[in-house]
Each structure stands twice: as structure tokens, then as C-alpha cells.
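# Breakdown of the fold
Each chain, letter by letter, is given below.
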Amino acid sequence: MKIRELGIEGAWEITPQQHGDPRGLFMEWYRFDHLAAEVGHPLRLAQGNLSVSAAGVVRGIHFADVPPGQAKYVTCVRGAVLDVIVDLRVGSPTFGQWEGVRLDDTDRRAVYLSEGLGHGFCALTDDATLTYLCSETYSPTGEHGVHPLDPDLAIEWPASAPQLSAKDESAPSLAEAIASGLLPDYEQTKAFTAGLTVR
């Protein structure tokens, strides 16, 4: 597999090597040792999620309190999505910036995003199905969101009329999240992830 660091520190794109013949195909879609060598620590597997979305659905931008945060390894097993990673770490050189990666059932790429980063996606097809490997279990009091259509983020969602959940629709803007002290701190997040290497 090829692992490429994205423009936002703490985010990587993973492209697997697919082995196919007339019977079908085989690939390694996750290798803890390869990822750990690139990231600097292993991904603790605490929870696996699966989501199915209709075309035009936008989910996110979600993030978790650090510590403990929630690192994610995300791939699309059916259909296609534009997966979006947003730097929500106050003090980061790329704070407020986003990067999009197409995940689909053709190239079968994955993304890894470390603790403190925001995550969202837009379904490009009906029944777009994502699987997530997560470093921590879901915490209803520790997970938050920023409104995915906030003009300050200026995410170029590939949907003319994005469909949002009620929770995402009521999420604060980036400015409101900053003012409330809701967002992770860059230096604190770096210190936390550095400590993961000795766990």
C-alpha cells in the first residue's frame, strides 16, 4: 500500500494494492504496522462504525475532545464520497483549512485522521457506504461538530442542495466554536499524540 501525508498535519491518504483476476480481487485495506511506521504510533482499535448515505447527504464536521480524541481510519466499501478533513486545532499552521479525498469502491483508498481533526463527507452516490475504525468509543458528551456549510470553512461540497441531519444543521459556526472554547488546542493535541508512541 502507498501512504501519502496530506497537506494537513496528522492526515494521510492510503492507497491499497489490489490483486484481481476473473474471480474477483483481494487487497489489504488496513495494515497496523505500515500505518504505525508512518504515523509514529499504532492505531488503537476501540470501535468500528458503518454508515450508509443517499447521494447529496453531507455528514460532519465532527470532532472529539482531546484527550482522548478519536482518530479515524475511513474507507468507502460501496459507492463514492468526497471525504473531508478539517484542521480544527487552534494554533495549528493550517487551522481552518480543509482537504478533500475521493473515496470509492474502485480505487478503494482510505484516509487516516489523527486526534483533533474534524471529519465529514458528502455522498456522491446512493447507498454510499463508509466503514470507520476508531481509536476511542463514541462519547456523547465528548463529541462535537462545526456546521459543514459555514462560509468561513468554505468547503466545496459537490452537492447542489446538501442534506444535513438536525444535529449537523444546529452545529455552531467555526467562529462560535472558537469563542466557546470548544475546539482542540494544537499544542495540547501534539503532546497527546506524542505520548501515544509509548503506550
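Our subject is the structure listed above.
The text that follows walks through the structure, step by step, so that each part is easy to find. Fair warning: this is a prediction, and the values are worked out from it, not measured in the lab.

## So, the state of the cysteines
Think of a disulfide as a covalent bridge from one cysteine sulfur atom to another cysteine sulfur atom. With the rule as written, the count across this model stands at 0 disulfides. C122 provides the cysteine sulfur closest to C76, a residue in no disulfide bond, and the two sulfurs are 12 Å apart. Take C76: its relative accessible area is 2%, and that puts it in the buried class. Taking the relative accessible area as the measure of exposure, C122 reaches 0% and is therefore buried.

## Some points on the pattern of salt bridges
This model, assessed by the stated rule, comprises 10 salt bridges. The partner of E13 in a salt bridge is R4, with the nearest N and O atoms 3.3 Å apart. Judged by relative accessible area, E13 falls into the buried class, the value being 11%. R4 sits in the partly exposed class, given a relative accessible area of 42%.

## Remarks on the nonpolar core
V74, V81, I85, L103, V111 and L130 are the most contacted members of the largest nonpolar core, which totals 18 residues. Elements represented by at least two residues in this core include exactly β7 (72–78), β8 (80–87), β9 (98–104), β10 (110–113), β11 (117–123) and β12 (128–134). The greatest single-element share of this core, amounting to 4 residues, is contributed by β12. Once residues lying within four places of it in the same chain are set aside, the contact partners of V81 are C76, V101, R102, L103, F121, C122, A123, L124, A128 and L130. Counting residues in each nonpolar core, the second largest holds 17 residues, with V58, I61, A159 and A177 among its members.

## Focus on the pairing of β12
Across the 7 residues that make up β12, a large majority, 7, are buried. Neither face of β12 is exposed, since A128, L130, Y132 and C134 on one face and T129, T131 and L133 on the opposite face are all buried. Where strand β5 (residues 47–53) meets β12, 7 bridges bridge the pair, whose relative direction is antiparallel. Bridge pairing in β12 places N49 opposite Y132.

## Some details on the side chain of H144
Residue position: H144 is located in strand β13 (residues 143–145). Classification of H144 by relative accessible area gives buried; the value is 16%. Filtering out sequence-adjacent residues up to four positions away, H144 remains in contact with I61, H62, F63, D65 and L182.

## Describing the sheet that holds β10
One open sheet accounts for 6 strands, arranged β1-β2-β10-β7-β12-β5; its pairing is antiparallel. At either end of the open sheet lies a strand with only one pairing partner, and these are β1 (2–5) and β5. On average, each strand axis in the sheet is inclined to that of its neighbour by 20°, with strand direction left out of account. Sheet topology places β1 next to strand β2 (residues 11–15); 4 bridges connect them, and they run antiparallel. Its bridge partner lying in β2, K2 is registered against T15. Across the sheet, helix α1 (residues 32–39) touches β1, β2, β7 and β10, and the angle it forms with β1 is around 25°.

The rules behind these values
Residues numbered from 1 in each chain as written. Predicted model: local features only at pLDDT ≥ 70, side-chain atom pairs only at ≥ 80, totals over all residues. Heavy atoms only, no water. Disulfide = S-S within 2.5 Å. Buried < 20%, exposed > 50% of the residue type's maximum accessible area, 1.4 Å probe, protein only. Salt bridge = Lys/Arg side-chain N within 4 Å of Asp/Glu carboxyl O. Core = buried A, V, L, I, M, F, W, Y, C linked by side-chain atoms within 4.5 Å. Helix = DSSP H or I, 4+ residues; strand = E, 2+ residues; numbered from the N terminus. Contact = heavy atoms within 4.5 Å. Pairing = 2+ DSSP bridges. Axes fitted to C-alpha atoms, helices over the stretch in contact; angles between N-to-C directions.

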